[in-house]
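# Architecture and fold: a report
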Amino acid sequence: MRNRSIRLLQITDSHLYADDDGELGGVNTARSLRAVLDAAQAEHWPPRAILATGDLVQDHTRAGYERFHDALAGFGFPVHCIPGNHDDPALMRELLAMPPFTFCGVAGYGNWTIPLLNTWRENSAGGRLGADELGRLDHLLSAHSGKHALVCLHHHPMPMGSPWIDEVGLADAADFLSVIDRHDNVRAVLWGHVHQASDRERAGVRLMSTPSTSAQFEPTSLEFSYDSAGPGWRWLELHADGSIETRVGRLSDDAR
Ligand SMILES: [Fe+2]
C-alpha cells in the first residue's frame, strides 16, 4: 500500500514582501521560506505536489508574488495555491494560475480528490466561503464520491481556543461543516491562517492546521501574540485506503 500513497507537502502563510528584507514578527519571510524549502528537500523529496494554503504575500505586491513564483516554479511538480486574507486574488490569478501553479479549483491524485477552496473576502481578516463556493464543494464531493477527499482552505472552520484568532475564522463554518457531514468520503480538512499546528478529529474527519513558514502565533493566547516556535511545514501521505500519515517539520534554531 505504501508505494501507492500520495506524498504532499503543505506550506502556508509565507507572508513574502517585495523587499527581500521584509519581516513578520521579527522573521525574514523570504529567507525563512527558502530555509523551509531547503529543509523539506533534505527530508522526503520529492512530493507529488505542494499545497500552498494562503497568505503567500504580505504586501499585495506583484514583486512579492514573483518572489513566491520563482521560489517554487522550478521543482517540476504542481503547486496548488489558494488565497488567504492577506493575498491579492487578482495577482494570484495572473501569476499563480499557469503550470506548475494552480489557483483554487480541484486537484486529483490516485484515488484522492483535493478541493481547493477560496475563503477570501475583501477588507476582511476573517473568511467566508459563500453559497457559490459551498455549492462547488458539495458538487465536487458528490462528483468524486468514489474518491477520498482532502479539503483545503485558508481559514479555520473550527475554534482554535484562542479568542483573538477565533474572531477571524471562517464565518460560515457551520454551513461548511454541514456540507462535509453530508458526504462520507471526506477524510481530512487542512488549513493555514492560524500559524500553529493542530491535529484533531470530528465525526471521523481529520482536522489539521499547519505552522507558517515564517512567524508563529502563540497557541491558546487570549490576545495576539507571537510564539517562539520555529517556521514549519507539513508532510502528508495519502494512502489508497483513505488513511493519512502526517508530520509537521520545523526549522532548527541554527537553520533559522
Ligand atoms: Fe497568515
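## Describing the sheet that holds strand β7 (residues 106–109)
With mixed pairing, the six strands of this open sheet are ordered in space as β7-β8-β9-β10-β12-β11. Strands with a single pairing partner mark the edges of an open sheet, and in this sheet they are β7 and β11 (198–202). Geometrically, the sheet is characterised by an average inter-axis angle of 20° between neighbouring strands, direction not taken into account. Note that strand β10 (residues 186–191) and strand β12 (residues 205–209) share four bridges and pair parallel. Considered in β12, the bridge of A188 is made with R206. Helix α4 (residues 130–143) contacts β7, β8 (112–115), β9 (148–152) and β10 of the sheet and is inclined by roughly 175° relative to β8.

## Describing the pairing of strand β1 (residues 6–11)
In terms of burial, β1 is a largely internal element, five of the six residues being buried. Two elements, β1 and strand β15 (residues 232–238), share five bridges in a ladder whose sense is antiparallel. By the bridge assignment for β15, I6 is matched with L238. Bridging between β1 and strand β4 (residues 49–52) involves four bridges; their strand directions are parallel. Of the residues in β4, the one forming a bridge with L9 is I50.

## Some words on α4
For α4, spanning 14 residues, the distance from its first C-alpha to its last is 20 Å, which sits close to the expected 20 Å at 1.5 Å a residue. The complete set of buried residues in α4 reads E133, L137, L140 and L141. One side of α4 holds all its buried residues, which, seen down the axis, span an arc of 95°. Opposite the packed face of α4, turned more than 90 degrees from it, sit the exposed residues A131, D132, G135, H139, S142 and A143. Where α4 is buried, its residues touch β7, β8, β9, α6 (173–181) and β10.

## Some words on the packing of α4 against α6
Between two packed helices, both the angle of their axes relative to each other and the distance between the axes serve to describe the pair. Contact geometry for α4 and α6: axes closest at 10 Å, N-to-C directions at 10°. The pairing of α4 with α6 is recorded here as roughly parallel in orientation. Crossing hand, α4 versus α6: right-handed. Each of L134, L137 and D138 in α4 lies in contact with α6, whose residues at this interface are D175, F176 and V179. Taken together, the residues of the contact of α4 with α6 break down into four nonpolar, no polar and two charged.

Thresholds, definitions, all that
- Residues numbered from 1 in each chain as written.
- Predicted model: local features only at pLDDT ≥ 70, side-chain atom pairs only at ≥ 80, totals over all residues.
- Pairing = 2+ DSSP bridges.
- Helix = DSSP H or I, 4+ residues; strand = E, 2+ residues; numbered from the N terminus.
- Axes fitted to C-alpha atoms, helices over the stretch in contact; angles between N-to-C directions.
- Contact = placed C-beta atoms within 7 Å.
- Buried ≥ 20, exposed ≤ 12 C-beta atoms within 10 Å, placed from the backbone.
- Expected span 1.5 Å × (residues − 1).
- Arc of directions from axis to C-beta.
- Parallel < 35°, antiparallel > 145°, perpendicular 65-115°, else oblique.
- Left-handed = near helix turned anticlockwise from the far one by under 90°.
- Nonpolar A, V, L, I, M, F, W, Y, C, P; charged D, E, K, R; others polar.

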